[in-house]
Amino acid sequence: MKHFKNIDGNLKMTDSSSLMLAMPYIAVCFTAASLFLTLLSNRNQESDAFTIFTWSLLIFCILVICWALIKKTFTSQIPITAIIQMKQSSYNSSVFYLVLENGKQRNLSEVRETIRATELLMMLRSENPSITANFTENEAKTR
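This structure is a prediction, so every number in the text was calculated from the model and none was measured. (Residues numbered from 1 in each chain as written. Predicted model: local features only at pLDDT ≥ 70, side-chain atom pairs only at ≥ 80, totals over all residues. Heavy atoms only, no water.)

**Considering the packing of aromatic side chains**
Here's step 1: Considering all chains together, one arrives at 1 aromatic pair under this definition.
Here's step 2: A ring pair is formed by Tyr25 and Trp67, whose centres lie 6.2 Å apart and whose planes are at 50°; its orientation type is tilted. A residue pair is termed long-range when its members are at least 10 positions apart, and Tyr25 in helix α1 (residues 18–41) and Trp67 in helix α2 (residues 49–71) qualify at 42 residues.
Here's step 3: Residue Tyr25 is classed as buried on the basis of its relative accessible area, which comes to 17%.
Here's step 4: The ring of Tyr97 has Lys72 lying over it, and the distance from NZ or CZ to the ring centre is 5.8 Å. (Phe/Tyr/Trp six-rings, centres within 6.5 Å; stacked < 30°, edge-to-face > 60°. Helix = DSSP H or I, 4+ residues; strand = E, 2+ residues; numbered from the N terminus. Buried < 20%, exposed > 50% of the residue type's maximum accessible area, 1.4 Å probe, protein only. Lys NZ or Arg CZ within 6 Å of the ring centre and 35° of its normal.)

**With respect to the pairing of strand β4 (residues 83–88)**
Here's step 1: With 5 bridges connecting them, β4 and strand β5 (residues 96–100) associate as antiparallel partners. Within β5, the position partnered with Ile83 by the bridge is Leu100.
Here's step 2: Relative to strand β7 (residues 132–133), β4 is paired through 2 bridges, and the arrangement is parallel. Along β7, the bridge assignment pairs Met86 with Ala133. (Pairing = 2+ DSSP bridges.)

Structure follows, in structure tokens:
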């Protein structure tokens, strides 16, 4: 997160990389479209292992796109009052994300180190003390 911005009296966190965060999902959309067109052009041929693999990959792409639409947010401005928690991923300790009050998540692509995550958490808590975290500085170092 780059900086704070005051718009309409609400303090909001801005991030210029919202399009960059959406790029993997945009690539999955293009892949799904390409797979659909491939299957459409081969519809009169017999089904073989490649066709079954292509259908499976297309279904997987559609599921990923649906998951991204339901669980992720790519807005560039997030009201600090909408943030309820800052989390560290349980799979990769260098991935941090925000949980918003509407249930969506926002990846923090620029925060990879525990020290930066802790600094950001302290800045967020200075504006909204109710923000929780699933890590402490000592916990995050041991993961």
